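Below, each chain spelled out in residue letters.
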Amino acid sequence: MEITTVMCTARSATIEIRDGGRHFTRKPYRVVVNGREDMTTEKTITSLFNLKPQTQYKVEIYDEGQLLGTTEFTTEYEFVTLDVTRFGAKGDGESDDTHFIQAAIMACPEHGRVYIPAGTYRITSLFLKSHIRLELAAGAELKAFTEREKFPVFPAMLESYDERDEYNLGTWEGNPLPMFTGIICGVNVEDVVIYGRGIINGNASKENWWNNPKDMRGAFRPRLFFISHCREITLQGVKFCNSPSWTLHPYFSNQLYFLDLAVENPADSPNTDGLDPESCKDVEILGVRFSLGDDCIAVKSGKIYMGRKYKTPSENIHVRQCLMENGHGAVTLGSEMAGGVVNLTVEDCVFRHTDRGLRIKTRRGRGKDAVLDNITFRNLTLDHVMTPLVINAFYFCDPDGKTRYVQSRDPYPVDERTPVIGRLTFENMDCANCHVAAAYFDGLPEQKIQEILMKDISVSYAENPKCDAPAMTEGVEKSSRRGMFVRNVKHLVMERVTVNGQDGEALETEGVDDLEMRQ
């Protein structure tokens, strides 16, 4: 066993317990901090709170009376704490505390802490500034108002004075469109940590934001957490719930850390993705639990205009020790990814009751910069996932999605509109109680998926599996026969792939036009 310190602030720390477990430790462990019992944990990624600044800590992990490992760290310097109740915030669940909390944020000096004690604080949008620490104590809840007229609007694209450039503030599903500002919002800020045991509650329901969710009324729905052109942003420990739309949406931002969070939305809530990095770089997603009504993690880089103009992929994204439950896809790439997605690794995670494990959504028209490459999934446990692996190059979103150009299985000329799917690696995956298919790979005939490597994968079906067809594509009918479906793959390698107890022969082949393995 190995115990490591992932990060620390002046008041908190996150540790990792490496005992071979995926999201959950193999058994419960006692956590002792500086000789005092702190908690019992069953998570590989565990956060500690109520620490003191500039103090050395020794964390010991015990299995009953046996010491298994230790880690040590010294907390950061803190200059001053600004308690929002001293600025006028009431936390009574009724009063509008937005301005009082915003005043504390704006008054906070570098190395300062904005502290939100237990209570329910009603807010609209709070705007972050650089070099602050914002702590939500246990029992603290930021609970959003839902009246549209209370929220500012980011008016999408603003033309520069010399008419040579533009400033993009608002966005909706990959396009520069007006949006209500996020409940927690940051623009051009850096070095921010939001942490604690508290809750940020978007308070959305079918009586407000989820009513006719695709309609733009004043502007498009706000995100629960939205940052644009930011860097060095960390979220630790907090629970995010009931988001009006996408829950955590970093946009053109770098050096992002999402640690030991809970992201929860009802299973029938519309477009409430958990975490959508869009044109972001160097992203660490560690120990997060997702349970929601859409994709748990959806990596994006603009629909068409933003991808072509800024050519900024989402890249260097690492997802570890996470739990994805009840979403459409555990990890989805696209479909708004005209800038590309490269260097993404998902490992040591658990997927439960999601429609898919990996879901790639692309189509003709996304463009030559829409490159998906170096995508790796390994050391994963999947349970009751309908289809573990899905690649759909005929995803029919957008008004032209069902046209012949997008949906035809005939080859078209490769040009500036043609997307690219490069190398994908799937290793050491245990997939139990699947329903529809082990895998569905459907590439473009004129631009085949370049390479798929599958190694040490076990797939078994549920007792009463479902019959279904791939979503958001035409020309593929439902089938009750199950197995693996592969079309238009340039290089396919399979080693030790078992489906329903039957070991498949090792396979390495070039130029797969249509391969169907029935089980």
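Residues numbered from 1 in each chain as written. Predicted model: local features only at pLDDT ≥ 70, side-chain atom pairs only at ≥ 80, totals over all residues. Heavy atoms only, no water.

Novice: Help me understand the layout of surface pockets, please; the structure alone is not making it clear to me.
Specialist: Where empty space is left in the structure can be found by rolling a water-sized probe over the atoms. By volume, the second largest pocket is sized at about 470 Å³. As for the second largest pocket, its lining consists of 25 residues, and the residues nearest its centre are Glu 173, Lys 214, Asn 271, Glu 336 and Tyr 395. A per-class count over the lining of the second largest pocket returns eight nonpolar, six polar and 11 charged. (1 Å grid on protein atoms, 1.4 Å probe; cavity = no way out; pocket = protein on both sides within 12 Å on 5 of 7 lines; lining within 4 Å. Points joined across faces, edges and corners; volume = space filled by probe spheres on them. Nonpolar A, V, L, I, M, F, W, Y, C, P; charged D, E, K, R; others polar.)

Novice: Would you take a moment to explain the environment of Gly 422 for this structure?
Specialist: Its place among the elements puts Gly 422 in the loop between strand E38 (420-421) and strand E39 (423-434). A C-alpha to C-alpha distance of 9.9 Å links Gly 422 and Gln 447, two positions 25 residues apart in sequence. Aside from chain neighbours lying at most four places away, what touches Gly 422 is Leu 372, Asp 373, Ile 449, Gln 450 and Glu 451. (Helix = DSSP H or I, 4+ residues; strand = E, 2+ residues; numbered from the N terminus. Contact = heavy atoms within 4.5 Å.)

Novice: Can you walk me through the nonpolar core in this structure?
Specialist: Formed by 101 residues in total, the largest nonpolar core has its most connected members in Ile 285, Phe 351, Phe 377 and Phe 426. Beyond its immediate chain neighbours, meaning those up to four positions away, Phe 377 contacts Val 331, Leu 344, Val 346, Phe 351, Gly 357, Leu 358, Thr 425, Phe 426, Glu 427 and Met 429. Grouped together as the second largest cluster of nonpolar side chains are 15 residues, Cys 8, Ala 13, Met 39 and Leu 51 included. (Core = buried A, V, L, I, M, F, W, Y, C linked by side-chain atoms within 4.5 Å. Buried < 20%, exposed > 50% of the residue type's maximum accessible area, 1.4 Å probe, protein only.)

Novice: Sorry, what's going on with the pattern of salt bridges here?
Specialist: Where charged atoms of side chains with opposite charge meet at close range, the side chains can pair. Applying the stated criterion across every chain yields a total of 36 salt bridges. Close ionic contact of Arg 404 with Asp 410 constitutes a salt bridge, the shortest N to O distance being 3.0 Å. Since its relative accessible area comes to 56%, Arg 404 is described here as exposed. Relative accessible area serves as the criterion here: at 41%, Asp 410 is assigned to the partly exposed category. Between Asp 415 and Arg 417 there is a salt bridge whose closest N-O contact spans 3.1 Å. A relative accessible area of 33% means that Arg 417 is categorised as partly exposed. Three or more residues are tied together by salt bridges with common partners; here these are Glu 2, Glu 16, Arg 18, Glu 284 and Arg 320. (Salt bridge = Lys/Arg side-chain N within 4 Å of Asp/Glu carboxyl O.)

Novice: Would you mind going over the pairing of strand E33 (residues 329-334) with me for this structure?
Specialist: Walk down a regular strand and you will see the side chains alternate between the two sheet faces. Within E33, six of the six residues are buried, which leaves the element mostly enclosed by the surrounding structure. Relative to E33, strand E30 (residues 297-299) is paired through three bridges, and the arrangement is parallel. Paired with Ile 297 across the bridge in E33 is Val 331. Here E33 pairs with strand E35 (residues 356-361) via five bridges, running parallel. From the neighbouring strand, Thr 332 faces E35, where its bridge partner is Arg 359. (Pairing = 2+ DSSP bridges.)

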